[in-house]
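Architecture at a glance
Below, each chain spelled out in residue letters.
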Amino acid sequence: MTDTFTSFALAAIALIASADAGAVTVTSIAGAPDPGPLAGQIMVETFDASAAAGFSWTGGLATATGTVRGVHTTPALNSSRFGYVSSANPDPVATLITPALRTISFYWGSMDSHNWLWVLGADLQPIHFVHLTTINFDTVAYTLGSGGRNRRLAITADAGETIGGLRFWGRGRSFEFDDFAATLAPGISPESGVPEPASWAMLIAGMGLVGAVARRRNRQVQVAS
């Protein structure tokens, strides 16, 4: 067990080192209840119903309402169902896989130092690491209580970048989250999370052009021979 945890910790450190701090911009708004999604975002995961098309989970995601004995002692989010990862569970890591996104935000319950988050790029590799120490916030409000510790965290992809997912690691009792909202990257269909027809048309046209060039080269080789 120790060897497994050590290997996982070393891998996590490597992921932190590999994440590019310039790939996204992270902001947060304190509030209890949830301040709500950013302007233009649509709700994609509430845990009270199926996630939106193109959004799925892998790993140790758990969901609950209220208190979970041995995991957390207060319902840090609201009375509805929410998601969490915890070191008390067999798998403390969960990954939300998304379509290509321009922005994503979620409500973070009781932001703690043992909550680790990676923003993933289009290839599902880490592009940014988020931690209590990496977020600019009002330390006074945080110290006064849960109203300042519960935050809507918003992540916006920088120019030329897209967001492909989020990876959560609960290194302590729990990392709680709820009410994910997002905006899709330009050219992505809301229904399926895949390129829109116009984008597919450009892709097909490009493939056709490549095929035409290849056929022309073949004919030139045959004439020369």
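Residues numbered from 1 in each chain as written. Predicted model: local features only at pLDDT ≥ 70, side-chain atom pairs only at ≥ 80, totals over all residues. Heavy atoms only, no water.

Description of the nonpolar core
Put simply, the rule is: Among the buried residues, those of types Ala, Val, Leu, Ile, Met, Phe, Trp, Tyr and Cys that are joined through side-chain atoms within 4.5 Å form a nonpolar core. For every residue, the accessible area (1.4 Å probe, protein chains only) is compared with the maximum for its type, and the residue is labelled buried under 20%, exposed over 50%, or partly exposed between those bounds. The secondary structure listing takes helices from DSSP runs of H or I that are at least 4 residues long and strands from runs of E that are at least 2 residues long, numbered from the N terminus. Residue contacts are defined here by distance: any two heavy atoms, one from each residue, within 4.5 Å place the two residues in contact.
Within the largest apolar cluster, 30 residues are counted, with the highest numbers of intra-cluster contacts made by Phe106, Phe168 and Phe180. Looking at this core, the elements that each hand over two or more residues are strand S6 (93-109), strand S7 (115-120), strand S8 (126-130), strand S9 (151-157), strand S10 (163-170) and strand S11 (175-184). Counting residues per element, this core draws most heavily on S6, at 6 residues. Setting aside anything within four residues of it in sequence, one finds phenylalanine 180 in contact with Ile42, Met43, Val44, Glu45, Phe47, Trp57, Leu96, Ile104, Ser105, Phe106, Leu166 and Phe168. Counting 6 residues, the second-largest nonpolar core is a separate cluster that includes Trp116, Trp118, Phe129 and Trp169.

Considering the pairing of S8
Two faces belong to every sheet, and in a regular strand the side chains alternate between them. Quick note on the threshold: Only strands joined by at least two bridges in the DSSP assignment are considered to pair.
The buried fraction of S8 amounts to 5 of the 5 residues, a majority that puts the element mostly inside the structure. Bridging between S7 and S8 involves 4 bridges; their strand directions are antiparallel. Each bridged residue has a counterpart across the sheet, and for leucine 117 the counterpart in S8 is valine 130. What sits between the antiparallel neighbours S7 and S8 is a turn of 5 residues, in which leucine 124 has the positive phi angle 65°.

Topic: the environment of proline 99
Topologically, proline 99 is positioned in strand S6. Look at proline 99 and you get buried, because its relative accessible area is 6%. Once the C-alpha coordinates of proline 99 and isoleucine 188 are considered, the two residues, 89 residues apart in sequence, prove to be 7.9 Å apart.

Quick look at unusual backbone geometry
The phi dihedral of phenylalanine 47 is positive, around 70°, even though this residue is not glycine. Positionally, phenylalanine 47 belongs in the loop between strand S2 (42-45) and strand S3 (56-59). Residue phenylalanine 47 is classed as buried on the basis of its relative accessible area, which comes to 9%. Phi at aspartate 179 is positive, roughly 50°, even though this residue is not glycine. Within the element layout of this structure, aspartate 179 appears in strand S11.

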